[in-house]
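Residue-level structural notes
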Amino acid sequence: MTSLPSWMASLGLLSPIIQAPMAGTSTPQLAAAVSNAGALGSVGIGAYGVDQARQHIEQTQVLTDRPFNVNLFCHQTASADAEREAQWLQYLAPEFARFGAPAPSDLRCIYESAVGNAPLQAMLLELRPAVVSFHFGLPEQSFIDALRSAGITTLACATNLDEARQIEQAGVDVIVAQGMEAGGHRGTFVPEQDRLMGVFSLVQLLARECSLPVVAAGGIMDGAGIAAALQLGACAVQMGTAFILCPESAASAAYRAELQSAQAQHTAITAAISGRPARGMFNRLHQLGRDYAGQLPAYPMVYDAGKALHQAAAAQGSSDYAAHWAGQGAPLARVMPAAQLVQVLVQELKEYEN
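Residues numbered from 1 in each chain as written. Predicted model: local features only at pLDDT ≥ 70, side-chain atom pairs only at ≥ 80, totals over all residues. Heavy atoms only, no water.

Observations concerning the sheet that holds strand 10 (residues 267-270)
Spatial strand order, 7-11-10: three strands in an open sheet with antiparallel pairing. The open sheet terminates on both sides in strands that have one partner only, identified here as strand 7 (184-185) and strand 10. Looking at chain direction, strand 7 and strand 11 (residues 278-281) are connected through two bridges and run antiparallel. Opposite Gly184, over in strand 11, you have Arg279 as the bridge partner. Contacts from helix 11 (residues 284-291) reach strand 10 and strand 11, with the element oriented near 50° to strand 10. (Pairing = 2+ DSSP bridges. Helix = DSSP H or I, 4+ residues; strand = E, 2+ residues; numbered from the N terminus. Contact = heavy atoms within 4.5 Å. Axes fitted to C-alpha atoms, helices over the stretch in contact; angles between N-to-C directions.)

Some details on helix 8 (residues 199-209)
The periodicity of an α-helix, 3.6 residues per turn, causes residues three or four places apart in sequence to face the same way. Regarding helix 8, the residues found buried are Val199, Leu202, Val203 and Leu206. Within helix 8, the buried residues cover an arc of 100° as seen down the axis, which keeps them to one side. Residues of helix 8 that are buried sit in contact with strand 5 (153-158), helix 7 (161-169), strand 6 (174-178), strand 8 (214-217) and helix 9 (223-231). (Buried < 20%, exposed > 50% of the residue type's maximum accessible area, 1.4 Å probe, protein only. Arc of directions from axis to C-beta.)

Considerations on unusual backbone geometry
Cis geometry marks the peptide bond from Tyr299 to Pro300; its omega dihedral reads 0°. With respect to the secondary-structure elements, Pro300 resides in the loop between helix 11 and helix 12 (301-314). Of note, the phi angle at Met22 is positive, near 45°, even though the residue is not glycine. Relative to the assigned elements, Met22 resides in the loop between strand 1 (17-19) and helix 2 (28-36). Overall, Met22 belongs to the buried group, its relative accessible area being 19%. Non-glycine residue Arg128 carries a positive phi angle of around 50°.

Overview of the side chain of Thr25
Looking at where Thr25 falls in the secondary structure, it is placed in the loop between strand 1 and helix 2. Since its relative accessible area comes to 9%, Thr25 is described here as buried. Contacts of Thr25, omitting those with residues within four sequence positions, involve Ile244, Ser249, Ala250, Ala251 and Tyr255.

Here we look at the packing of aromatic side chains
Using the criterion set out here, one finds nine aromatic pairs in the structure. What links up through ring pairs into an aromatic cluster is the set Phe73, Tyr111, Phe136, Tyr299 and Tyr303. If you follow Arg276 out to its NZ or CZ, it ends over the ring of Tyr299, 5.8 Å from the centre. Cation over ring: Lys307 sits above Tyr303, and NZ or CZ is 4.3 Å from the ring centre. (Phe/Tyr/Trp six-rings, centres within 6.5 Å; stacked < 30°, edge-to-face > 60°. Lys NZ or Arg CZ within 6 Å of the ring centre and 35° of its normal.)

Have a look at this one:
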């Protein structure tokens, strides 16, 4: 197998594979299993408050003594827009009525950003995970500098060259090049300026134009995909959808069933679930978003409505509004324990390289 880049070798990793953080789907058990198998496991804490984030990190530290990644959301704090929020809730009211539930009276900002979040930043510097990664942008420079001074390796997601250059200038260690094939929310700094670049074009561009190591992310599901990414200039890959069917993930039974059905062949990007564009298996909220003539409220305000609607539907056995995130490689997902999947991926990569 191709030798590992120096930053991975210094962490004691054995394979060029990172399990994507997947906030809400990744678990301490999944991250630990991946790390114990010689790859880099990840926990996504962007959807948690400081106390729950600490619990997830500490639980992962109990389950593995190997390095793992902690991923942060670095989105700009949403500005309330009462008119947009009221119009969206009015539009969704008939959907709530289908399940005998009232629509919320208002929308909350349910996810705090890591930007300027002193309690969260202090907790991370206290616990010192081996790797910290940034999504949706970058935190303030002082925090990046503090992480690096603490000996923590930093990664940040880029979806175009401009974002990659900002990452490089900030002194982050590694760029995660995330193509439009990726499932869930991509790390676009400004969603309205998303250029929807594919992963392989993006990897080649960033590998040529940037001096930092580049990790490929988006639609990579097997050893063939890993080998292709490495051949094009990536030093490693980040894989999310490939790990959803592992028993250690938090995916629900409905999520797992859908990912193993013909529905996995129909993924699409919508902002109607959360307020930011994200790729998942097509559902009722995707359609509602396509049909909506108004302007959506900001992220994560839209998510507050989507989660409430999903909860009302799920109580009556419907998963029509669930955020079943998945990348374009979804039909290639396999059911097996995380450690076994890492072993299979490594073996496939060796076969493609020989």
